[in-house]
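Overview (structure and organization)
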Amino acid sequence: MVNGIDRPLDLLNSAKGKEILVQLKSGKQFVGKLLAFDIHINVVLEGTKEVEDGEQRRSYGLTFLRGDTIVFISPSVN
Amino acid sequence: MVNGIDRPLDLLNSAKGKEILVQLKSGKQFVGKLLAFDIHINVVLEGTKEVEDGEQRRSYGLTFLRGDTIVFISPSVN
Amino acid sequence: MVNGIDRPLDLLNSAKGKEILVQLKSGKQFVGKLLAFDIHINVVLEGTKEVEDGEQRRSYGLTFLRGDTIVFISPSVN
Amino acid sequence: MVNGIDRPLDLLNSAKGKEILVQLKSGKQFVGKLLAFDIHINVVLEGTKEVEDGEQRRSYGLTFLRGDTIVFISPSVN
Amino acid sequence: MVNGIDRPLDLLNSAKGKEILVQLKSGKQFVGKLLAFDIHINVVLEGTKEVEDGEQRRSYGLTFLRGDTIVFISPSVN
Amino acid sequence: MVNGIDRPLDLLNSAKGKEILVQLKSGKQFVGKLLAFDIHINVVLEGTKEVEDGEQRRSYGLTFLRGDTIVFISPSVN
Amino acid sequence: MVNGIDRPLDLLNSAKGKEILVQLKSGKQFVGKLLAFDIHINVVLEGTKEVEDGEQRRSYGLTFLRGDTIVFISPSVN
């Protein structure tokens, strides 16, 4: 089930093309399809939506998120 | 549609010459045409406008934005 | 009992596959099974639960936590 | 018009000897003539004036500004 | 008495296996037996106790503390 | 008048032995004679005085100021 | 009198074995005898006392202070 996650970036690699949740240090959350990431944890999302208290607030389409503003990333949005 | 985005910087590269939205850590947003960027995510915008709550507040013309103050960049301003 | 902990990362290595508690700088705590970590202290948790005042608040499943947001990690949740 | 700005630092280079506006993370703004800058975006201004709400507050003459305190720089003060 | 402390890390080395006090930037203090540390000042404590206003608040057992959250470390808890 | 300032550190070099004003991120200002600096913008001042609202608050004599706490340095105190 | 201070660390070197004042970013001040320091400005103090508003609050004995929490260091406590 979680085979193949030896290093943290393996999780991001396995999440490519899937919906992920990104929690920012500012408190905001973004959801979108993960298109790309790098070792700085910079990520590109497609169909990005800003979420607050479980409600969608704003859409940004394609978005480049700087890694140093990210607290956590979860591929399993629920 | 989003072909060619293998690495996060590919999105910025494809946005050169286009209008982008830049969200700063201070909470401010800037829109302008992306002229240049580097690996630190320093960016240069042309026709820069500071936006607050969807309203334009101030114009700065050409602007150099330091990468470490940026939260996200979205080429699809809406 | 604590044999084999010569360097700090040895503790994380010995905690792989076990439940850990992660305290974030934002004040939030997460518990989950440690799947992977790296030298930046980026960690991947399975079955991640956000905890506040000892009560579970939200579940995130698999989660990638950025190391620079972490204050401490304790394998012995109590 | 904006020819020759391939990299962000090109903008600063073209602004040497001209009046620029520097926005600091603390919220303060400085204007002055750009004499020098480096890759850390440390800058030296001549005839530096601290500006608040569009009004000049204090003069500092020659000033060395540390790059990591800078949010943006705009050569086109308006 | 304080022989052999030529470099700051010498103090941490001499404190291995002894009770230390760790002050975090968040304001919290931890006490515990120092098992390991590295050049980033990441430390592992055994029998970790969170202390506030001189009173013990919570126990964490083995704990990995990230160096960049630490203000000071004192081997002589009093 | 400002000949010879090709790089930002040239200004600090030309200010050696002269009175400078140092603005810290904490909001405090220090004045003193610049004795030494390095590429991290760590500086040593002689006859250091802490200034608030233009009034001298406290004297520290020789002082080592860490570069990463500095916002700007101005050799022309006025 | 201040001969031999060509680089900032020269001041710390000349202060070894003497009482120094250390101002932290948190606002706290510590005084103690400087035993050791390194290029990160990590310092070890002996007979460390926390000072607030000129009054001694707490003693810590030997203390390792992380350099990145330090604002300034003054060998001339007054």
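For the structure given in this document, a descriptive report is provided here. (Residues numbered from 1 in each chain as written. Chains lettered and ligands numbered in written order. Predicted model: local features only at pLDDT ≥ 70, side-chain atom pairs only at ≥ 80, totals over all residues. Heavy atoms only, no water.)

This part is about the side chain of E:R66. Note that E:R66 resides in the loop between β4 (55–65) and β5 (70–74). Under the relative-accessibility criterion, E:R66 is labelled buried at 12%. Every residue in contact with E:R66, bar those within four places of it in the chain, is listed here: C:H40, C:I41, C:G67, C:D68, C:I70, C:V71 and E:N42. (Helix = DSSP H or I, 4+ residues; strand = E, 2+ residues; numbered from the N terminus. Buried < 20%, exposed > 50% of the residue type's maximum accessible area, 1.4 Å probe, protein only. Contact = heavy atoms within 4.5 Å.)

Least-squares fitting of chain C to chain A yields an RMSD of 0.0 Å, with the transformation described by 0.0 Å of translation along the axis and a rotation of 51 degrees. The two copies present different faces, since only 4% of the interface residues in chain C are matched by interface residues at the equivalent positions in chain A. (Least-squares fit on C-alpha atoms with pLDDT ≥ 70 in both.)

On to the side chain of D:T48. All names here are of chain D. Counting through the fold element by element, T48 comes out in strand β3 (residues 43–52). A relative accessible area of 0% means that T48 is categorised as buried. Within the local environment of T48, its side chain forms a polar contact with the backbone oxygen of G61, the two atoms lying 2.6 Å apart. Here the side chain of T48 touches T63 through a polar contact of 2.8 Å, side chain to side chain. (Polar contact = N/O pair within 3.5 Å; in protein donor to acceptor, adjacent residues only side chain to side chain.)

Glancing now at the pairing of strand β1 (residues 19–24) of chain B. For a regular strand, side chains alternate in direction, first toward one face of the sheet and then toward the other. Residues and elements named next belong to chain B. Across the 6 residues of β1, 5 count as buried, placing the element largely inside the fold. Across 5 bridges, the pairing between β1 and strand β2 (residues 29–37) is antiparallel. By the bridge assignment for β2, E19 is matched with K33. Counting the residues that bridge the hairpin from β1 to β2 gives 4 residues, and of these G27 lies at a positive phi of roughly 105 degrees. As paired elements, β1 and strand β5 (residues 70–74) share 4 bridges and run antiparallel to each other. If you follow V22 over to β5, its bridge partner there is I73. (Pairing = 2+ DSSP bridges.)

To continue, consider unusual backbone geometry. Residues and elements named next belong to chain B. The phi dihedral of I41 falls on the positive side, at around 70 degrees, and the residue is not glycine. Looking at where I41 falls in the secondary structure, it is placed in the loop between β2 and β3 (43–52). Taking the relative accessible area as the measure of exposure, I41 reaches 1% and is therefore buried.

Tallying the contact residues gives 23 residues for chain C and 25 residues for chain A. Summing both partners gives a buried area of about 1,800 Å² for chain C against chain A, and 60% of it is carried by carbon and sulfur. The salt bridge partner of A:K25 is C:D68, with a shortest N-O separation of 3.0 Å. Counting across the chain C and chain A interface gives 8 residue pairs in polar contact (both at pLDDT 80 or more). For the side of chain C that touches chain A, the elements supplying multiple residues, two or more each, are β2 (29–37), β3 (43–52) and β4 (55–65) of chain C. The element best represented in the side of chain C that touches chain A is β4(C), accounting for 8 residues. With 2 bridges joining them, strand β5 (residues 70–74) of chain A and β4(C) adopt antiparallel strand pairing. Counterpart to A:I73 in the pairing with β4(C) is C:F64. (Buried area = accessible area lost by both parts, 1.4 Å probe. Salt bridge = Lys/Arg side-chain N within 4 Å of Asp/Glu carboxyl O.)

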